[in-house]
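Here are the chains, one letter per residue:
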Amino acid sequence: MKVSIFGTGYVGLATGTCLSEIGHDVTCLDVDETRIESLKQGRLPIYEPGLAPMVARNSGDGRLHFTTDAASALEGAEIVFIAVGTPPDEDGSADLQYVLTVAATIGANLRSSTIVVNKSTVPVGTARLVEEAIAGELTRRGVEIDFEVVSNPEFLKEGDAVNDCMRPDRIVIGAATQAAVDKLKRLYAPFVRNHDRFVVMDVRSAELTKYAANAMLATKISFMNEIANIAERVGADVEKVRQGIGSDPRIGWQFIYPGVGYGGSCFPKDIQALARTARQHDYEARLIEAVEDVNQRQKGHLFELILRHYGDRISGRTFALWGLAFKPNTDDMRAASSRRLIDQLWQAGARVRAYDPEAMSEARRIYGERAGLVLCDSMEEALGGADALAVVTEWRQFRSPDLTALRALGDAVVFDGRNVYDPAELEQAGIAYYGIGRGR
Ligand code: UGA
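Residues numbered from 1 in each chain as written. Predicted model: local features only at pLDDT ≥ 70, side-chain atom pairs only at ≥ 80, totals over all residues.

Peer 1: Even after reading the chapter, I still don't get the site of the ligand, so can you show me in this structure?
Peer 2: Among the 20 residues in the neighbourhood of the ligand, the closest are listed as Glu158, Tyr257, Tyr262, Gly264 and Cys266. Ranked by residues supplied to the shell around the ligand, first place goes to helix H9 (residues 203-234) with 3 residues. Tallied by class, residues from the shell around the ligand come to 11 nonpolar, 5 polar and 4 charged. Lining the shell around the ligand are residues from two domains, each supplying at least three of them: domain 1 (2-201) and domain 2 (211-297). (Near = placed C-beta within 6 Å. Helix = DSSP H or I, 4+ residues; strand = E, 2+ residues; numbered from the N terminus. Nonpolar A, V, L, I, M, F, W, Y, C, P; charged D, E, K, R; others polar. Domains from an automatic or database assignment.)

Right under this line is the structure:
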């Protein structure tokens, strides 16, 4: 099938590449010329495990193309994806300008009938706006071309996008006609060959499904962080509690890891947007709003523990910081908890020596050269001359640290923002330990 995809961010690039991998002829389009040039040379704008070799293979085989030219990308495309960003507006609602600009571009360049699939995370009712934007352009051109707008939200996780795309647990299709449903089913069939993983519904329900999924996951995290904060106060260990509840299949093991809060480009923005949508419909979504409130507070929790240990003796101290990305296996620092901690440490007069396995160039882009921050080339280097260690992202290589090196820290203290260490083991080695929700 001939497919074109507007937007070469995580979603667009991963989806486009995986669709070419199963044999479709895919053109990925972006307005950013430098990005498209880089992609043509096989250089990816993002770090995503497994994606680069797949891009190289499918480009080499002539199934995956990159362009900035909308007219040629749309030529003969049976399915057109919109996969551009929906950043938060000032009031927290999703900013639809990129989605609607793409819709207008589609309307201005379309020559034959097609299905327009919205993959961007958008508030309920957006498909309608996209339809109007395309129709407006067609009317302006004085042409009549048949098209239908379908909602097909994505559930990819950064760091696991290729796997999520090639082996989806469900494919949600929100469409008004059976023809559109059939076409999307044909497109995706190779991903779900042995199982019927299609969930077909109306457009609005599909749009809401995406928000509901992210809000549910974020709720689990904030809930667990609340339990952790209670555990800390009553002298219980949340890690034991987690093990005590996860085996109940109704609760499950996933997304019940307490920590310094969720970050990334999706949860914080989507939760806010959902709460905002509710308010626009005169409804106060109290639980959803609380989920984000709890998360905001939790992002400051590691600093609270640092305060608990040091009191007002933070100024002039140096903190090694392991992990800058909002989670492991990505270089993405959007809404990362590390950023909050760095700001708080600076405000308290401390210095930071930071290391992340993938996010160093992103950190350089965000912070540049500045006093109070040393960006280090290794986790060991970050410890050099530091008084304490704070772990913010649970990268695998941080899990078995050299205890002698931690003991050698100026104050021999570790603040573990993701509960990756065994408190007893560190304490036996003469290292003071603070974790999340580990009452002592
Ligand atoms: C999330 C969803 O998991 C995807 O299903 C969805 O498609 C995507 O948003 C999206 O809307 O595009 P992602 O933002 O890549 O994916 O990251 P997650 O793996 O969900 O992690 C989000 C944050 O929650 C991270 O900061 C992570 O550290 C935190 N987290 C996760 C916890 O604090 N505890 C947990 O138990 C799990």
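Peer 1: For this particular structure, what's the right way to read the domain arrangement of the protein?
Peer 2: Buried accessible area, meaning the area lost when the parts come together, often serves as the stated size of an interface. Once the domains are mapped, the protein shows domain 1 (2-201), domain 2 (211-297) and domain 3 (300-434). Between the C-alpha centres of domain 2 and domain 3 the distance comes to 24 Å. Facing 10 residues of domain 2, the contacting portion of domain 3 comprises 14 residues. Tallied by class, the residues present in the side of domain 2 that touches domain 3 amount to 3 nonpolar, 5 polar and 2 charged. (Contact = placed C-beta atoms within 7 Å.)

Peer 1: What should I look at first to understand the pairing of strand E4 (residues 79-82) in this one?
Peer 2: Sheet faces and side chains relate simply in a regular strand, where the side chains alternate between the two faces. Residues Ile79 and Phe81 point to one face of E4 and Val80 and Ile82 to the other, with burial holding for every one of them. The pairing of strand E1 (residues 2-6) with E4 spans 4 bridges and is parallel. From the neighbouring strand, Val3 faces E4, where its bridge partner is Ile79. Here 4 bridges tie E4 to strand E5 (residues 114-118), and the two strands are oriented parallel to one another. From the neighbouring strand, Val80 faces E5, where its bridge partner is Val116. With helix H5 (residues 97-109) bridging E4 and its parallel neighbour E5, the resulting β-α-β unit is right-handed. (Buried ≥ 20, exposed ≤ 12 C-beta atoms within 10 Å, placed from the backbone. Pairing = 2+ DSSP bridges. Right-handed = clockwise from strand over helix to strand, strands pointing away.)

Peer 1: Help me out: how do you make sense of unusual backbone geometry in this one?
Peer 2: Excluding glycine, residues mostly have negative phi values, and the peptide bonds linking residues are mostly trans. For Ala335, which is not a glycine, the phi torsion comes out positive at approximately 50 degrees. Within the element layout of this structure, Ala335 appears in the loop between strand E9 (318-322) and helix H14 (337-347). Residue classification places Ala335 among the buried positions, given that 20 C-beta atoms sit within 10 Å. For Asn419, which is not glycine, the phi torsion reads 50 degrees and is therefore positive. Residue class for Asn419 comes out buried when judged on the 21 C-beta atoms lying within 10 Å of it.

Peer 1: Is there a simple way to think about the sheet that holds strand E12 (residues 388-391) in this case?
Peer 2: Working definition: the strands of a sheet are paired by backbone hydrogen bonds and lie parallel or antiparallel to each other. Here we have 6 strands laid out as an open sheet, ordered E11-E10-E9-E12-E13-E14, and parallel in their pairing. In the strand order of this sheet, the two ends are held by strand E11 (373-375) and strand E14 (432-434), each with one partner. Along the sheet, successive strands turn relative to each other by an average axial angle of 20 degrees, direction set aside. In this sheet, E12 lies alongside E9 in parallel orientation, the contact comprising 4 bridges. Residue pairing across strands places Leu321 opposite Ala390, the latter belonging to E12. (Axes fitted to C-alpha atoms, helices over the stretch in contact; angles between N-to-C directions.)

Peer 1: Help me understand the packing of H5 against helix H6 (residues 126-141) in this model?
Peer 2: Two elements in contact, H5 and H6, have axes whose closest approach is 7 Å; the angle formed by their N-to-C orientations is 35 degrees. Every pair of crossing elements has a handedness; the one defined by H5 and H6 is right-handed. Judged by residue contacts, Val99, Leu100, Ala103, Ala104, Ile106, Gly107 and Ala108 of H5 engage Thr126, Leu129, Val130, Ala133, Ile134, Ala135, Gly136, Glu137 and Leu138 from H6. A breakdown of the residues in the contact of H5 with H6 according to their chemical character gives 12 nonpolar, 3 polar and 1 charged. (Left-handed = near helix turned anticlockwise from the far one by under 90°.)

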